[in-house]
Amino acid sequence: MQADQLPQVGSEIDGFRLLEKIHEGGMAVIYRVSKAGVELPLIMKIPKLGFGNHPACYVGFEVEQMIMEKLSGPHVPMFFAKGDMAEQPYLVMEYIAGPSLHDYLERSAASIGQIVQWGKALADALHDLHRQNVVHLDLKPANVLFRPDGTAVIIDFGLAHHAHLPDLIEEDFHKPVGTSAYISPEQILSIRCDPRSDLFALGVILYQLACSHLPFGNPVSISGFRRRLYLDPTPPRAINPTVPPWLQEIILHCLEVRSENRYASAAQIAFDLAHSAQVTLTARAFRLKSAGLLTIMQRWYRSWFATVKSCPELSQHLSSAPHILVALDIPRADERLLQAMRELVRRAVAADAHCRITCCTVEAPSILTEEDQTRELANSLHTQHLIAMRHWAQPLSLSSEIIRFHVLEANNTADALLNFARTHHVDQIIIGARGSSALRRILGSVSTKVAAEARCNVTVVHVPQAQEN
Amino acid sequence: MKLAIFSDIHSNLEALQACLLHAQSQSVTQFAFVGDLVGYGADPVACLEIVVDLLQQGAFAVQGNHDAAAVSGLCETMEINARESIYWTRAQLGQAERQLLQNLPLFKQHEDMYFVHACAETPEQWTYITGPRQAGRCMQATQARLIFSGHIHQPTLYYKTQSGRAYPQVFYPTPGVALPLLTSRQWLAIVGSAGQPRDGNPAASYAICDRTLNTLTYFRVPYDHAKTAQKILAAGLPPRLAQRLERGY
């Protein structure tokens, strides 16, 4: 469609009435539209395919049509309809009013609490996207919208890559494509299938939120793009001293040059943002200067020989970084059961080096009183649980980056575990079977309920029994 | 309307039956065979019977190099196992079967689709499409938007724009995923072999083109390859032809 032949407001395309034009960019026009019998607020995106328009908008639009159709869930706008490229190209999807992360950035400096809230929402959304075999590759604040309940919605899939679909971008461009401020080092080397490229962009966004400043600026030349292969950004705490060390650790972990040194999944970032006290602080957390000249020169030299290993198959990559929840009830468990569970965790870690283990104990909530004595008692109980879990895990000798410990307060153990698993993208729950007891027959066991209702894998561990005669 | 495309059945009755059953479960109503119905396997006559039935119902079929060799000519340039199986096949075929194979066209065009066993540029030379260069030559030889071929026993998809790069891009499809065949591009779909897969996966390979939704889906269908292998050995065909079915090489 020629740029001067854009459809008029009030006209109708395939049964969709154009209500108002809400955005006109260089590549596409967006209208609010309605359709008889459809309650959901809708928008229609129409590409500008006229003479002189960049071919990127043509290919990008095809890519977006192709990928949107395959996506679902709360973290993307719901796909509604598409029009054929040869006749009237368009894309109809759910209207997300926003605000966008870009709007937030423009308003005022974000508090640490807000950064955590937005960052976690975005990491949750990204993980969901990656689970659907899609790498976005153009993540930036303008492409992140929020629903009224705070859920992040990722938009604009014009440069995205779907692991199971032909890559049309790769076909048409020889140069790296993306937004210069957010593009990852491997994208500069024309690698388009690594989900950790999105984690890099997330790191840039977190940096920008924390420092009101872009870590690599907004380069325009290829050599400017390449600079992030060897120059590391000024550490956030050197710019904004109120940034806590754990947040700097998370941000710089996302911004590692080599993708294998970054977080293995967005779910791990979401978890760390939600549990800042448990972030393992490394040298990254305390850095106050960029690397020295010698290091930079070494990196610069190496950057010319940087070869990227073949792409990980997306779903395989994610399944090599599972989040495993181990539900422990140490005071009431049989020693042999605890040992059997430990053995299972040992095997899980051996199988997937990028896995994360969270050990959880659920205790009844302490009755809140103002009396110091009661609170102290509760605290000490909490601490005892942690000590017991650490003691249980000690023979595994796992680093604190892999294993975390949690005490959940709840009346219903099964519900607490299920809720934790849902919120933190848990892939597998390991839980012990309770031995037969009269109580279990009456109340039903926690493991039975967890196994029945969890939306992930559940392994119920039994104590090895001697064979009965 | 759904069209199932089969290639390189190679007298493998079990694989053909399994694929047809699968296609039926996918509500396929039209069929295309892009060559090499016979050769290698022990059931040329039974396979041709099925194909004849479908041809009478409007299926498309083109000739493959093994089909041509089974009817006439010297096959001295063929690999030793292939040659032996061709001699064996010749002895099995009756007049009617020979006639059928003889009369198959080298290519067939229907609407925006082009069916050919090997390369569309010179179908009679049976050129292997082993990479983007050959694929580019094949795609340039026809105006058809969708080209379906076989010959190399590996499911592969090539695609290009008219104005884009000289060579098309290559894509290895994931079975069961519907791929949109964008109208702005030309597509060359090598559907893989139903009767003798060689990509390390012994399951039979074929593809379904949904003409209404304009998508292409590759499928892998497991079948009783042990039974096929037994028949090959029992027929006195080279043992290697039986062994390779087990691991798909």
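Residues numbered from 1 in each chain as written. Chains lettered and ligands numbered in written order. Predicted model: local features only at pLDDT ≥ 70, side-chain atom pairs only at ≥ 80, totals over all residues.

*Asks:* Any chance you could explain the overall build of chain A here in plain terms?
*Replies:* Along chain A, the regular secondary structure elements total 18 helices and 15 strands. Expressed as a percentage of its 469 residues, the buried residues of chain A come to 39%. Contacts spanning at least 24 positions in sequence make up 70% of the contacts within chain A whose residues lie at least 6 apart. (Helix = DSSP H or I, 4+ residues; strand = E, 2+ residues; numbered from the N terminus. Buried ≥ 20, exposed ≤ 12 C-beta atoms within 10 Å, placed from the backbone. Contact = placed C-beta atoms within 7 Å.)

*Asks:* I'm lost on the domain arrangement of chain A in this one. Help?
*Replies:* Interface size, as often reported, equals the accessible area lost upon joining of the parts. Residues and elements named next belong to chain A. The domain boundaries assigned to chain A delineate domain 1 (3-94), domain 2 (101-317) and domain 3 (322-461). On a C-alpha basis, the centres of domain 2 and domain 3 stand 32 Å from each other. Of the residues lining the interface, 8 residues belong to domain 2; the matching set on domain 3 comes to 8 residues. Examining the composition of the side of domain 2 that touches domain 3, we find that 4 residues originate from one element, helix H10 (residues 266-274), more than from any other. When grouped by side-chain class, the residues that make up the side of domain 2 that touches domain 3 number 4 nonpolar, 4 polar and no charged. (Domains from an automatic or database assignment. Nonpolar A, V, L, I, M, F, W, Y, C, P; charged D, E, K, R; others polar.)

*Asks:* Before we go on, may I ask you to explain helix H1 (residues 13-25) of chain B in this structure?
*Replies:* Two residues of an α-helix separated by three or four positions point the same way, owing to the 3.6 residues in each turn. Residues and elements named next belong to chain B. The terminal C-alpha atoms of H1 lie 18 Å apart, and with 13 residues this matches the ideal 18 Å at 1.5 Å per residue to within 8%. The set of residues buried in H1 consists of Leu13, Glu14, Ala15, Leu16, Ala18, Cys19 and Ala23. Taken together, the buried residues of H1 touch strand S1 (2-6), helix H2 (44-56), strand S11 (204-210), strand S12 (215-221) and helix H7 (225-234). Following H1 by one or two positions, Ser27 adopts a phi angle in the positive range, close to 60°. (Expected span 1.5 Å × (residues − 1).)

*Asks:* I would appreciate a short explanation of the sheet that holds S1 of chain B in the present structure.
*Replies:* Picture the strands of a sheet paired through backbone hydrogen bonds; they go either parallel or antiparallel. Residues and elements named next belong to chain B. The strand order across the open sheet formed by 6 strands is S3-S2-S1-S11-S12-S9, and the pairing between neighbours is mixed. Of all the strands in the sheet, the pair left with one neighbour each is strand S3 (60-62) and strand S9 (178-180). Neighbour-to-neighbour, the strand axes of the sheet open up by a mean angle of 20°, direction not taken into account. In the packing of H1 onto the sheet, contacts are made with S1, S11 and S12, and the angle to S11 comes to roughly 30°. (Pairing = 2+ DSSP bridges. Axes fitted to C-alpha atoms, helices over the stretch in contact; angles between N-to-C directions.)

*Asks:* For this particular structure, what's the right way to read the sheet that holds strand S6 (residues 90-94) of chain A?
*Replies:* Residues and elements named next belong to chain A. Within the open sheet, the 6 strands sit side by side as S1-S2-S3-S4-S6-S5. Their pairing is antiparallel. The sheet terminates laterally at strand S1 (12-13) and strand S5 (79-83), the two strands that pair on one side only. Both strand S2 (residues 16-24) and strand S3 (residues 28-34) contribute to a ladder of 6 bridges, which runs antiparallel. Bridge pairing in S3 links Lys21 to Tyr31.

*Asks:* Is there a simple way to explain the interface of chain B and chain A in this structure?
*Replies:* The partner chain A presents 11 residues to the 13 residues of chain B that form the contact. A per-class count over the side of chain B that touches chain A returns 7 nonpolar, 5 polar and 1 charged.

*Asks:* How should I be thinking about the packing of helix H3 (residues 112-131) of chain A against H10 of chain A in this particular structure?
*Replies:* The description of two helices packed together rests on the angle between their axes and the distance between the axes. Residues and elements named next belong to chain A. One way to put it is that H3 packs onto H10 with a least axis distance of 8 Å and a crossing angle of 160°. The angle between H3 and H10 falls in the class roughly antiparallel. The hand of the H3/H10 crossing is left-handed. Each of Val116, Gly119, Lys120, Ala123, Asp124, Leu126, His127 and His130 in H3 lies in contact with H10, whose residues at this interface are Ala266, Ala267, Ile269, Ala270, Leu273 and Ala274. Its residues assigned to classes, the contact of H3 with H10 comprises 9 nonpolar, 3 polar and 2 charged. (Parallel < 35°, antiparallel > 145°, perpendicular 65-115°, else oblique. Left-handed = near helix turned anticlockwise from the far one by under 90°.)

*Asks:* Where do I start with the pairing of S1 of chain B in this structure?
*Replies:* Along any regular strand the residues' side chains alternate between the sheet's two faces. Residue and element names in this part refer to chain B. The element S1 is extensively covered by neighbouring structure, given that 4 of its 5 residues are classed as buried. Pairing of S1 with S11 involves 4 bridges; the strand directions are antiparallel. Residue pairing in the sheet places Lys2 in a bridge with Asp210 of S11. Examined bridge by bridge, S1 and strand S2 (residues 30-34) share 4 bridges and lie parallel to one another. Within the sheet, the bridge partner assigned to Phe6 lies in S2 and is Phe33. In the classification by handedness, the crossover that spans S1, the intervening H1 and the parallel S2 is right-handed. (Right-handed = clockwise from strand over helix to strand, strands pointing away.)

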